[in-house]
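# Architecture and fold: a report
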Amino acid sequence: MNWITNYVRPTINSLFSRRELPENLWTKCDECGTMLFHRELAAHLNVCTSCGHHMPITPRARFNALFDGGVFTEVKVPEPIADPLQFRDQKKYTDRLKAAQKQTGEKEAMLVATGEIGRTPIVAAAQDFSFMAGSMGMYVGNAIIAAAEEAVKLKRPLILFSAAGGARMQEGILSLMQMPRTTVAVEMLKEAGLPYIVVLTHPTTGGVTASYAMLGDVQLAEPGALICFAGPRVIEQTIHEKLPEGFQRAEYLLDHGMLDRVTPRAKLRDELIGLVRLLLGLPPAIAADLPAPAAADDSAPDDAATPEAAAPKAEPAAASAKPAAKATKT
């Protein structure tokens, strides 16, 4: 038995080594526990095919599915001071930033881009919850202001996807100052007569909810998203009472008049195309004429860089029918 155990079995194991098998081929659904093949999950925009649970999705993967052909151009965001308060807890703030940048491949917690959806030019901004919980710091504030300024300059609607745990504590009062700054940015859009659509995703909490995330002309949400200022656990510990079932979830907020619609991720693109054209006063889009999103390349990572040179140079869309014809011309 020693000969078999010590020689034969290790030899057989070495012949069938698992080193060549790629890692992270399967993802477990947090809701139902189903094991999902990563290609199938990516094809369904990180939505569980078994129970419909909406998992986190990166801004780049979201934009690839949102924009026509997955083509978009990033908008440059002014970079703030890296560590204005010289903050340190168990780690330095700068070390946490570097770790988040290495993990996500992104510079910060928000991505801003321009492109077309249904041949209608827009500006879009999306938060990345995987980057320090999508927390709102000075960079996120600068990103929203840059998105609003770009929308006003190009006369395009702004669509924002929120996902955050609130303000970034490492920036202290400077992070809280982004609440009025982003509110002013939203006001710029309204003064210019441009639509501002917010899609609240899981989770959207804290100072983000108390500012730009709840100021949209139209408020959409993904199914099951937690949307609140203080979380249900904090409230229960404060009032010492059990909260209603589904409290602060998207469906609960819809029933109580705080949202306009709860839309599954797979139908969100078509929903946004219709809303943008309606708010701009354009004729309804014909589904057959709209370009479908490009098929995702499973061999490439989700966060692959998007070539800016391939971005379409579209005319700015306005509220009148004549400029719209230019914007949708192929």
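Read on for a plain summary of the structure. Here the structure is a predicted model, which is why all the values come from computation and not from measurement.

On to the pattern of salt bridges. Should their charged atoms come close, side chains of opposite charge can pair. The final tally for this structure, using the stated rule, is eleven salt bridges. Of the charged contacts in the structure, one is a salt bridge between R269 and D68, with a shortest N-O distance of 3.1 Å. You can see R269 sitting in helix α11 (residues 265–279) and its partner D68 sitting in the loop between α3 (59–66) and β3 (72–74), a full 201 residues away along the chain. Per residue, the accessibility class of R269 equals that of D68, and both read buried. Between R265 and E222 there is a salt bridge, and its shortest N-O distance comes to 2.9 Å.

A few words now on the environment of E116. Inspection of the secondary structure assignment puts E116 in strand β4 (residues 110–117). Placed 157 residues apart in sequence, E116 and I273 show a C-alpha to C-alpha distance of 9.5 Å.

The final tally for this structure, using the stated rule, is five aromatic pairs. Ring geometry for F63 versus F67: centroids 5.4 Å apart, planes at 75°, classification edge-to-face. F67 carries the same exposure label as F63, and that label is buried. With a centroid separation of 5.3 Å and 70° between ring planes, the pair formed by F247 and Y252 is classed as edge-to-face. For Y252, a relative accessible area of 23% puts it in the partly exposed group. Through pairs of rings, three or more aromatic residues link up here, namely F63, F67 and F72.

Turning to the packing of helix α5 (residues 138–154) against helix α7 (residues 178–191), a few remarks are in order. Axis separation between α5 and α7 bottoms out at 9 Å; the angle between their running directions is 10°. Compared by their axis directions, α5 and α7 come out roughly parallel. Counting all contacts with α5, which are made through M138, G141, N142, I144, I145, A148, E149, A151 and V152, the residues of α7 involved are Q178, R181, T182, A185, M188 and L189. Here the contact of α5 with α7 is composed, by residue class, of nine nonpolar, four polar and two charged.

Reading the values: the criteria
Residues numbered from 1 in each chain as written. Predicted model: local features only at pLDDT ≥ 70, side-chain atom pairs only at ≥ 80, totals over all residues. Heavy atoms only, no water. Salt bridge = Lys/Arg side-chain N within 4 Å of Asp/Glu carboxyl O. Helix = DSSP H or I, 4+ residues; strand = E, 2+ residues; numbered from the N terminus. Buried < 20%, exposed > 50% of the residue type's maximum accessible area, 1.4 Å probe, protein only. Phe/Tyr/Trp six-rings, centres within 6.5 Å; stacked < 30°, edge-to-face > 60°. Axes fitted to C-alpha atoms, helices over the stretch in contact; angles between N-to-C directions. Parallel < 35°, antiparallel > 145°, perpendicular 65-115°, else oblique. Contact = heavy atoms within 4.5 Å. Nonpolar A, V, L, I, M, F, W, Y, C, P; charged D, E, K, R; others polar.

Don't take any of this as a statement about function, it's just geometry.
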